[in-house]
Amino acid sequence: MLDCEIKNGWTQFLEFIENRCSSAEFENWIAPIRLVEGSHEEVILEVPNVFVQEYLLDNFKEVLCNFLPLRGSGEPAIRFLIMTEAKAEVPAAVAAPAEETSPQTLKLNTLYVFDNFIEGPSNQFVKSAALGVAARPGKSYNPLFIHGGVGLGKTHLLHSIGHYVCEHHKKLRIQSITTEAFINDIVDHLRNKSIDKMKRFYRNLDVLLVDDIQFLQNRLNFEEEFCNTFETLLNQGKQIVITSDKPPGQLKLSERMVARMEWGLVAHMGVPDLETRVAIIKHKSERRGLNIPNQIAFYIAEHIYNNVRQIEGAINRLSAHSRLLSTQLNEEIVEKILSEMFQSSAPNQKISVEEILKSVATVFEVRISEIKGESRHKEIALARQVAMYLAKELIDDSLMKIASSFGGKTHSTLLHAWKKITDQIQINETLRRQVQMVRRNIET
Ligand code: ADP
Ligand code: MG
């Protein structure tokens, strides 16, 4: 699988190099290199011989770091295939990555560890739940079900649990698998008539980490096998952790499966708030050796707000450009470089407080005038806090100005409300659904 962003990174790298070496050098050494596969974990380059590989690393390792994903050690995450070897190996790798289908190997992204995970109000709860599970597998929350939008760190936390267990509970048998890979595994073993062996493998695990369970929807035949495996493990007190883009109740899966998944703890991974996004930007850019001044970090965080993976993409681009131009970054340059990204991630900019009030009033069955008023009646106060929470989340304006649209409240009242709702939706499923409903009404 060739990720589009990786492909772009590689093309940008080639352009960068082409301007920096003679055309003969480029033709001899760089042009023959072919990008075979690339994900955010590893890039596979096909080279005609080992000398080309050495040439590339000796001369351009540092530059490569700016365009391609990195390993935990800070080295570019490249695997080389020598041409003849490549010919034989590539088709197999594309059809079915050998490591992925073999249940014995544990594949964890080396960068996805607890230490690299930046905390904020939106993810503190789920992170502590993950830490709890990692510290005492099978003894705290079981299963742990983590759900939330794309690019918010679900896989990161899942793999963090994996690393922690490997390090601290060396004797435990653990497997981390995507739902797709699990299904492929079943298909392969059915074909090879070795399904019992596979069942034994999974049912003998102590910790099973399952990523992206939403891909099990509409796969009726596989759901049963999943469910049986889950039940066997849960009944023996073995730990299961599941991630999903939706809460269990919203997945199109059997009642039995949903019930199993709701058995333990269901934790929501929210969109990080501004300060957390800034902290993430600082952390990621420092790792890349890029100095992003606070003001610029805030500027980026204000414009890319619903996907941490996009934030990473932005940092990669800035890092490449700042090397290329050897200039200090300022808002103007940043805007120019990231303009496309900003547009695609800023669909909410036109939302007004009035729209939010209208939607909250409908869902919570109160009047707009009551939300704007002073009443401390429980239902009204809750609706008011939800409206304030959403206004802070969705409107790109100063807190003071937003607060004043609520019948002249102060910005500290707004912040207090935002904090309270942020905490509440982590633990209160009904409230979370109501907030989602309000959001959907506004956004459509
Ligand atoms: P998801 O599985 O929810 O789609 P990922 O776990 O793949 O998201 O995260 C996307 C990228 O963003 C990863 O590179 C991850 O390291 C990074 N990321 C997400 N949240 C955080 C965080 N809180 N701190 C640091 N990095 C994060
Ligand atoms: Mg994921």
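Residues numbered from 1 in each chain as written. Chains lettered and ligands numbered in written order. Predicted model: local features only at pLDDT ≥ 70, side-chain atom pairs only at ≥ 80, totals over all residues. Heavy atoms only, no water.

A. Structural view of helix 12 (residues 274-287). With 14 residues, helix 12 ought to run about 20 Å at 1.5 Å a step, and its terminal C-alpha atoms sit 20 Å apart, in line with that. On its buried face, helix 12 is in contact with helix 13 (294-303) and helix 14 (308-325). Remark: glycine 289 follows helix 12 within two positions and exhibits a positive phi of approximately 70°. (Helix = DSSP H or I, 4+ residues; strand = E, 2+ residues; numbered from the N terminus. Expected span 1.5 Å × (residues − 1). Contact = heavy atoms within 4.5 Å.)

B. How the structure looks around the packing of aromatic side chains. As enumerated under the stated definition, the model contains 11 aromatic pairs in all. Geometrically, the ring pair formed by tryptophan 29 and tyrosine 55 is stacked, given 4.7 Å between the ring centres and 15° between the ring planes. With a gap of 26 residues between them, tryptophan 29 in helix 2 (residues 23-30) and tyrosine 55 in helix 3 (residues 50-67) connect regions that are remote in the sequence. When its relative accessible area of 30% is taken as the criterion, tryptophan 29 is described as partly exposed. By relative accessible area, tyrosine 55 is classed as buried at 10%. Between phenylalanine 114 and tyrosine 164 the ring centres are 6.1 Å apart and the planes differ by 70°, which places this aromatic pair in the edge-to-face class. Taken together, the residues phenylalanine 114 in the loop between helix 5 (98-101) and helix 6 (124-135) and tyrosine 164 in helix 7 (residues 154-168) connect sequence positions 50 residues apart. One Lys or Arg, arginine 260, reaches over the ring of tryptophan 263 and ends 5.0 Å from the middle of that ring. (Phe/Tyr/Trp six-rings, centres within 6.5 Å; stacked < 30°, edge-to-face > 60°. Buried < 20%, exposed > 50% of the residue type's maximum accessible area, 1.4 Å probe, protein only. Lys NZ or Arg CZ within 6 Å of the ring centre and 35° of its normal.)

C. Main features of the domain arrangement of the protein. Domain boundaries in the protein define domain 1 (4-94), domain 2 (98-269), domain 3 (274-345) and domain 4 (353-443). Centre-to-centre separation of domain 2 and domain 3, based on C-alpha positions: 32 Å. Between domain 2 and domain 3, the contact holds 9 residues from the first and 9 residues from the second. Summing both partners gives a buried area of about 750 Å² for domain 2 against domain 3, and 57% of it is carried by carbon and sulfur. Interface area lost by domain 2 to domain 3 is led by Asn116, Ile118 and Gly151, which between them contribute 53%. For the pair domain 2 and domain 3, the number of links is 0 salt bridges. Of the residues belonging to the side of domain 2 that touches domain 3, the class tally is 5 nonpolar, 3 polar and 1 charged. (Domains from an automatic or database assignment. Buried area = accessible area lost by both parts, 1.4 Å probe. Salt bridge = Lys/Arg side-chain N within 4 Å of Asp/Glu carboxyl O. Nonpolar A, V, L, I, M, F, W, Y, C, P; charged D, E, K, R; others polar.)

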